[in-house]
Amino acid sequence: MSAMIPSPNEPVLPALPATVLPAIAELTGSLGIPRTVLASDDEIEYAWRDLPRELREIPPELRDALIARMCVAVSTGLFDGAINYAWNAAIIQLRNKVKNFGLPIVAQILQADFEDKHLLELQDSRLLDLCLKLDLITEDGFFFLDQCRVIRNNYSAAHPTIGSVNDREFVTFLNRCVRYALADTSSPRGVDIGAFISAIKGARFTANQFGVWVQRLNDTHDAQRQLLVGMVHGIYSDPNASEPSRLNSLDICESLKAAFNAATRSDLVNKHSEYAAKGDEQRHTASIQFFEKLGLLSLLNESEQHAVFFRATERLWNAHNGMNNFYNEPPFAERLYEISQQGAVPETVQEHFVQTISCCYVGNGYGVSWVAAATYEKLIQSFSPREIATMIRLAASKQTVLGRRVASLPSCRQRLKQALQLIDAASVSSGVKSWYDHFMA
């Protein structure tokens, strides 16, 4: 079998000198202790053979004196010493990640003083807790590094040991230190919470200011981004918030919403539900508007979606029946179209929704709002089979506004035919097919 070709990035360690392993045996013999108290020749050779595969995952800039000492310790079978060096390298890298995140920002999150001295004095277990809280390591990383911490405390040269590790156990230990601490040199920077909130509550963002804050939020980790998005939602929902604050809040969330993870979406819904549970109608209403403007209505429950669709439909219907309706309808039609693109229309409001759009499209005895006509056509083209059937059924009944207009006004009947031409005939259900054919004749 041919030998494996090392990767270009894989360090090529020198072969163990022929004098090293015999020297270990001579040393133990001269001291009058069994050779078996140290790692065997086979264990040393296997560990040395596997070492390059782990070293290649460590970025060159992190292959420092600690890593060199670890390699020397492995070459002589001192796995307990190698464990200590590997762990110290991992801890130093985690401290650097915390420092790069920003100690003042860590202090804000912890709501306590946190300076260099506090970071250096932090016990390893607390450091792992902090890194998990800051999202600098994953939950998997925390679990495996915490296991490494226990191994280091009980089986390394740092403390009196309760046993020894063999080559396989050492390589596994090193793999976890590398994978979850040393391999990733990226260090997300934290966002100064106080400065961010002040900016949101200040004047309207300039283009440059907006770009800077979006970049900072994208560069931070998921947990802090989730926290800040929740704060922004709270600012928008505050009845005392200024209009620039609300607009800034929407701008920020609009730029980030494509990257909202499940936890962020869940957190927003939970905060929204909390307003309802407390009976805080002002904040609850503003929160619904927040979801509506961001195109996130699908996250709300059906009764709240019903309220949004009904309100938008009712406003269009009132504009259609009011004075100067041909001039007033377009913005209400556009808004209803935008909402309809966020998800299916709730069944509880479908009939009102369909009748309003259909009546607006066919017009009245005075004509139609031509500026809004293209929007109505888009709405009709997006009708579901159920909504298509509802439109035809309403048009066939003289008990409905649509039916009376179609029956009494030739122009409305002709416009209904044009509306039906926007629909694929295959989407017409058999229950209303005869009326469809009648109107299309």
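Our structure's up above, just so we're on the same page.
Basis of the calculations
- Residues numbered from 1 in each chain as written.
- Predicted model: local features only at pLDDT ≥ 70, side-chain atom pairs only at ≥ 80, totals over all residues.
- Heavy atoms only, no water.
- Helix = DSSP H or I, 4+ residues; strand = E, 2+ residues; numbered from the N terminus.
- Rg over C-alpha atoms; globule rule 2.2 N^0.38 Å.
- Buried < 20%, exposed > 50% of the residue type's maximum accessible area, 1.4 Å probe, protein only.
- Contact = heavy atoms within 4.5 Å.
- Axes fitted to C-alpha atoms, helices over the stretch in contact; angles between N-to-C directions.
- Parallel < 35°, antiparallel > 145°, perpendicular 65-115°, else oblique.
- Nonpolar A, V, L, I, M, F, W, Y, C, P; charged D, E, K, R; others polar.
- Phe/Tyr/Trp six-rings, centres within 6.5 Å; stacked < 30°, edge-to-face > 60°.
- Expected span 1.5 Å × (residues − 1).
- Arc of directions from axis to C-beta.
- Core = buried A, V, L, I, M, F, W, Y, C linked by side-chain atoms within 4.5 Å.
- Salt bridge = Lys/Arg side-chain N within 4 Å of Asp/Glu carboxyl O.
- Left-handed = near helix turned anticlockwise from the far one by under 90°.
- Lys, Arg positive; Asp, Glu negative; His and termini not counted.

**Comments concerning the overall build of the protein chain**
Within the protein chain, the secondary structure is distributed over 23 helices and zero strands. Over its C-alpha atoms the protein chain spans a radius of gyration of 34 Å, topping by over 25% the 22 Å that the globule rule assigns to 441 residues. Evaluated residue by residue, the protein chain yields a buried proportion of 43% over its 441 residues. Sequence separation of at least 24 residues holds for 70% of the intrachain contacts in the protein chain that already meet a minimum separation of 6.

**Notes on the packing of helix α21 (residues 401-408) against helix α22 (residues 410-421)**
α22 packs onto α21 with a crossing angle of 110° between their chain directions and a minimal axis gap of 5 Å. Relative to α22, the element α21 lies roughly perpendicular. Here R405, V406 and S408 of α21 lie close against α22, whose contacting residues are P410, C412, R413 and L416. Residues of the contact of α21 with α22, tallied by class, amount to four nonpolar, one polar and two charged.

**Details of the packing of aromatic side chains**
Scanning the entire structure with this criterion turns up 11 aromatic pairs. Aromatic pair F309 and F353: ring centres 6.4 Å apart, planes at 85°, arrangement edge-to-face. Of this pair, F309 sits in helix α16 (residues 302-321) while F353 is found in helix α18 (residues 347-362), placing the two residues 44 residues apart along the sequence. For the pair F309 and F353, a shared accessibility class is recorded, and that class is buried.

**Some words on helix α11 (residues 207-219)**
End to end, α11 covers 18 Å across 13 residues, agreeing with the expected 18 Å (1.5 Å per residue, within 8%). Those residues of α11 not exposed but buried are W213, V214 and L217. For α11, the buried positions fall inside an angular range of 100° around the axis, keeping them on one side. Elements in contact with the buried residues of α11: α10 (193-201), α12 (222-237) and α13 (243-256).

**Considering the nonpolar core**
Counting 68 residues, the largest nonpolar core has F196, I252 and Y376 as the members making the most contacts within it. It is α18 that provides the largest number of residues to this core, a total of eight residues. When neighbours within four sequence positions are excluded, I252 is seen to be in contact with F196, I200, F205, F210, W213, V214 and L217.

**Brief notes about the side chain of H284**
By the secondary structure assignment, H284 is in helix α15 (residues 281-293). Residue H284 is classed as buried on the basis of its relative accessible area of 12%. The residues touching H284, leaving out its near neighbours within four places in the chain, are H272, Y275, A276 and E304.

**As for unusual backbone geometry**
Although it is not a glycine, D135 adopts a positive phi angle of roughly 65°. On the secondary structure map, D135 appears in the loop between α7 (124-133) and α8 (139-155). Unusually for a residue other than glycine, N324 sits at a positive phi of about 55°. If you trace the backbone, N324 turns up in the loop between α16 and α17 (325-340). In this structure N324 comes out as exposed when scored by relative accessible area, which is 51%.

**A few points about the environment of F170**
Summarising the element assignment, F170 is placed in helix α9 (residues 167-182). The spatial distance from the C-alpha of F170 to the C-alpha of A47 is 7.8 Å, given a sequence separation of 123 residues.

**Examining the pattern of salt bridges**
Applying the stated rule across the entire model yields 16 salt bridges. The partner of D238 in a salt bridge is R283, and the shortest N-O contact between them spans 3.4 Å. Taken as a pair, D238 in the loop between α12 and α13 and R283 in helix α15 lie far apart in primary sequence, 45 residues in all. Under the relative-accessibility criterion, D238 is labelled partly exposed at 22%. A relative accessible area of 24% places R283 in the partly exposed class. Between R311 and E292 there is a salt bridge, with the nearest N and O atoms lying 3.6 Å from each other. Here the residue R311 occupies a position in helix α16, and E292 occupies one in helix α15, the gap between them amounting to 19 residues. Given the relative accessible area of 30%, R311 is considered partly exposed. Counted as one network, the salt bridges with shared partners bring together E292, R311, R335 and E338.

**What to know about the environment of T185**
In this fold, T185 is placed in the loop between α9 and α10. When neighbours within four sequence positions are excluded, T185 is seen to be in contact with P59, E61, L62, Q93 and K97.

**Considerations on the packing of α10 against α12**
Where α10 meets α12, the axes come as close as 11 Å, and the angle between the chain directions of the two elements is 30°. Considering only the axes of α10 and α12, their crossing is right-handed. Residue-level inspection shows I193, F196, I197, I200 and K201 of α10 in contact with α12, the latter providing Q224, L227, L228, M231, V232 and I235. Residue composition of the contact of α10 with α12, grouped by class: nine nonpolar, one polar and one charged.

**Remarks on the side chain of R246**
Along the chain, R246 turns up in helix α13. An unpaired buried charge is present at R246: no salt bridge exists, and E243, the closest side chain of opposite charge, is 4.2 Å distant. Sequence-distant contacts of R246, that is, excluding residues within four places in its chain, are made with Y236, D238, P239 and A241.

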